[in-house]
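Letter by letter, the chains look like this.
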Amino acid sequence: MVEGARPVTGASPAPDAAGLGRARATGFLVPAMVLILVFLVVPAAWTIYLGVTNYRLTGLAAAHPEVVGLDNYTRALGDERFRTSLLLTLQFVLGSAVIGQAGLGFAIAFALRDRRGPLRRVVEGFVLLSWILPSSVVAFLWIALLDRDAGTLNALLGIPGTAWLLDHPMLSIIVFNTWRGTAFSMMLYAAALENVPRSHLETARLAGASTWQQLRDVVFPRIRGHVLTNLLLISLWTFNDFAPFLITAGGPEQRSEILPVYVYKVALSGGELGFGAAISFVMLLINLVIALVYLRMLGRRKESA
Amino acid sequence: MTTGTAPAPTTEPTGPTVAVRHLLAQIGRYTFLCAVLAFFALPLLWLATAPFDDTPTVTASLPRFTLDNFRALLDNPYALSSLLNSVYLAAGTAALVVTFAALAAYALSRVRVPGRDALLYGLLLLSSIVTGTATMVPLFELAFRLNLIDSRLGVILILSGGLLPAAIFILKDFMDSTPTSYEESARVFGASPLQIMRHIVVPLVRPGLATVGVWAVANVWGNFLVPFLLLRGPDKAPAAVIMYTLYTEGGQADLRLLSTFSLLYSLPVALMFVFVSSRYGFRFHGGIKR
Amino acid sequence: MSAITMRELTKVYPGGVRALDALDLEIADGEFFALLGPSGCGKTTLLRTIAGLEVASGGSVRIGERDVTNLPPGKRDVAMVFQDYALFPHMTVRDNIAYPLRIKKVDRRSRGSKAADTADELGLSGLLERRPGQLSGGQQQRVALARAMACHPQVFLLDEPLSNLDARLRLEARTFLKRLQRELGVTTVFVTHDQAEALALADRIAVMEGGRIRQVGTPTEVFRRPANTFVAGFIGSTPMNLIDARVRGDELSVARAGLPLPDDARGQVTDGERLVYGIRPEYLDYSPTAVPGALTGEVVVVENLGSVSLVSLDVPGEDTEETGPGRTSVQVVVAEGGEPEPGDTGWAVPRPGRSLLYRDGNLVTAAATAGVPAPRADAAARS
């Protein structure tokens, strides 16, 4: 081959099939980019700025916000309510996403793995329905279910008067979020389980492996990537979930005040925009860490594929 | 298969025990599935019974059938208008997202822009970390400065900004898998870029546009936080917000109104779900909803 | 008049890939012209540059009297049939065929009837309301041709027109295509990697490699007298035998045998010069008994090709200082009935006037200096 005359295979890369031209292509990109810039990038950047001011919704600091440096952050770290909220959020994510949604989702997918027909459709249908209904509707469904005096749950259990939302607010929203979000994990694991070759499971069964041993030795190694993807995504979503506000509004006595609810109460109900922005920024950082771990993992999976 | 020597007693489970174990496993499996079914169906029961019960309580019970409760919807000044508001927000956002994402995805798919993959992944990363919850403070501030407080347009714009990166990503995938020879062929016949768009590209990617549209509608229909933050009066509030106010404000909730309204508000997404799953099969690809 | 003239045509892709390298070519009005070469040789790029889908980095393209180098594709008055036919899946056959007319703003009624007429000519009349997905491969190809014909272009461009058809259909479509082109008389350029297709269809062929044209000629010329060893190896269902040879006085020493010098080479070679001797397997006659002026060796493989067999002889190579006495293989096409057995000794007799000599990869002819491309290292190395 002559230098510089490397082969170009049949269908060469067509840089511009419709003859759009650079100018028109740029024009096509602009509207979307402007919206993304203004309503996604700017708010993110603004969070950083607002977080170092004493900006308030009303009063003197509303007209003339001052830069207070890292005061908001040191205040947050020293604030019992913030630390409690962080801890509750951790409980919420671990309990409802990692244990609840991922665990239950996998269990359902595994129990249904070689089922076809009405049973599978009915189970999947109900799980999916709880996922797609509007959050303010399902929130009320749970309030009704858990109602102290006339709730269906107490009626079924025969323990009228149990105030689930007052006595066990965290447990309530954890079970609620498990109920609400299991569909995603179930579907992801159902797809993953279909990729586990039958012959591998049969080999294990012939060797006398129990169900648990089959799971450990055959299934999990094959779907490790799916598990990681699933855990990271649902953690991210659960961490940013505002729906518990619709049920307990953080109460009673801030005992179910996860971070999103905390930010809302401090910044928008309480009017402390600067302080709220600082908490928001902490949330953004946590989001970023989760997302980066996820992307890093995707990249590694692509390389090894 | 040797004969003569007596087989040594093995630790392998013999016939009957295998059958018993299998039976137990089956029973365990069905018990589990029934429990799952009960867990997921129980909260939904109320939604199915209460709207048709002539004296609804918060307990799910067999209704004494009536349709009178739906009259409560007409009596409430905000119930029906809030559904219209939801339609307005969902339609506006979906139109904006589909149009802008299609244009951008087409340009990114067909014209070589330096660093386009990095741009796309960057946007996707951004949209997944910059959630409405984490940025409610600056979003509120921004809407205030842009005079978009209590404006439905503001809600549409903010929701569109959040949905666009993923929509562009989905649609670009779609357009990348469409051969360029269709457009080139039309071009050799003398079609202008806009004719190519109208005659060839849009019809070809219509399923992708529909997917993104449905996905956007589903997202907006259920979104509570953004309209809750930005819209002040109940006359502009969508169903998500009105639903919340119905059971938190004004003393004793009107269960007839609440139950019928819940049902009416839930029905569109449920129907959309049934439609999508019957037409395309609701299998897993990226998720129709986040 | 719609001849196509290309001068110094160059296409460099971003990143420095040189797909077309200062290429000169003339395609006559009404000609059925093939661009032939291995994948990556630039043939498709050349076709797309004529169409205007690629913008030339240098040089010019003329169609008839018009310089079209900088015209957009729609203004060049050409029609192109793509390898995958690019039939719009959402339109009926009628709408597909009528699409060029729709762009030309012909009203709906007359473009519908014109589409029907064109479809009739190609035997598609019953299929007008179908969608492309409901058609067989051969029908799809004809719809694509009909769509190209509908706007009466000056030039047809076909990208691998037969490659998407299965083997049996391909022969049928080949005959159909050749007859259609003859009837229409429109200048047609097609791209193919299949030398048999090019030989069967084209009035003339350009054989390309590495963005350059290695030979232009009629199928007969290209088959009988490949201008260089690259073309010799590429054309023909079995490649040409290329064997090291040495001039010894009036004779040529090839594989220890003495062969007469080709007429063309007389006066062009010097005594003792080392060259490459080329002869097609089809132009060798097999003899089981000793014949003077023949290559001889042991039969190692006999491949049955149907009506003929391909026999490989193991012959001694030319004895050189560097390599010493080597072995080389000569292939002979043997008619049915005369096949030898492996292990036999056989003689291969060149037919008069069919022997060729290559110096540095290029054909030695009486007109050796005329228009032969510069020698290329890789082409020489192939022999």
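Only a predicted model underlies this, so the values are computations on that prediction, with no experimental measurement involved. (Residues numbered from 1 in each chain as written. Chains lettered and ligands numbered in written order. Predicted model: local features only at pLDDT ≥ 70, side-chain atom pairs only at ≥ 80, totals over all residues.)

Residues and elements named next belong to chain C. Within the open sheet, the 6 strands sit side by side as β13-β12-β11-β14-β20-β21. Their pairing is antiparallel. Each having just a single partner strand, β13 (257-260) and β21 (362-363) make up the two edges of the open sheet. Across 4 bridges, strand β12 (residues 251-254) lies against β13 in antiparallel orientation. Within β13, the residue paired with Val 254 across the bridge is Ala 257. (Pairing = 2+ DSSP bridges. Helix = DSSP H or I, 4+ residues; strand = E, 2+ residues; numbered from the N terminus.)

In this complex, chain A contributes 78 residues to the contact, which on the side of chain B involves 81 residues. The greatest single-element share of the side of chain A that touches chain B, amounting to 19 residues, is contributed by helix α1 (residues 21-51) of chain A. Looking at the side of chain A that touches chain B, its residues break down into 63 nonpolar, 11 polar and 4 charged. (Contact = placed C-beta atoms within 7 Å. Nonpolar A, V, L, I, M, F, W, Y, C, P; charged D, E, K, R; others polar.)

What follows is about the domain arrangement of chain C. Interface size is commonly expressed as the accessible surface area that is lost when the partners come together. Residue and element names in this part refer to chain C. The domains assigned to chain C are domain 1 (4-229) and domain 2 (230-382). One C-alpha centre belongs to domain 1, the other to domain 2; they are set 37 Å apart. Counting from both sides, the interface comprises 14 residues of domain 1 and, opposite them, 20 residues of domain 2. Of all elements in the fold, only α6 (195-201), β9 (204-209), β10 (212-217) and α7 (219-224) reach the threshold of two or more residues within the side of domain 1 that touches domain 2. With 3 residues, the top contributor of residues to the side of domain 1 that touches domain 2 is β10. Among the residues making up the side of domain 1 that touches domain 2, the classes are represented as 6 nonpolar, 4 polar and 4 charged. (Domains from an automatic or database assignment.)

Here we take up helix α3 (residues 108-121) of chain C. All names here are of chain C. Between its terminal C-alpha atoms α3 stretches 20 Å, which fits the 20 Å expected from 14 residues at 1.5 Å a residue. Among the residues of α3, Arg 111, Ala 115, Thr 118 and Ala 119 are the ones counted as buried. The buried residues of α3 all sit within an arc of 100° when viewed along its axis, so they share a single face. Exposed side chains of α3 directed beyond 90 degrees from the buried face belong to Arg 109, Ser 110, Ser 113 and Asp 120. Two residues or fewer past α3, Gly 123 is found with a positive phi of approximately 70°. (Expected span 1.5 Å × (residues − 1). Buried ≥ 20, exposed ≤ 12 C-beta atoms within 10 Å, placed from the backbone. Arc of directions from axis to C-beta.)

It is worth spelling out the pairing of strand β3 (residues 32-36) of chain C at this point. All names here are of chain C. The buried count for β3 comes to 5 of 5 residues, which makes it a mostly enclosed element. Across the two faces of β3 the burial is the same, with Phe 32, Ala 34 and Leu 36 and Phe 33 and Leu 35 all buried. Here β3 pairs with strand β8 (residues 187-192) via 5 bridges, running parallel. Its bridge partner lying in β8, Leu 36 is registered against Thr 192. Across 4 bridges, the pairing between β3 and β9 is parallel. Within β9, the position partnered with Leu 36 by the bridge is Val 207.

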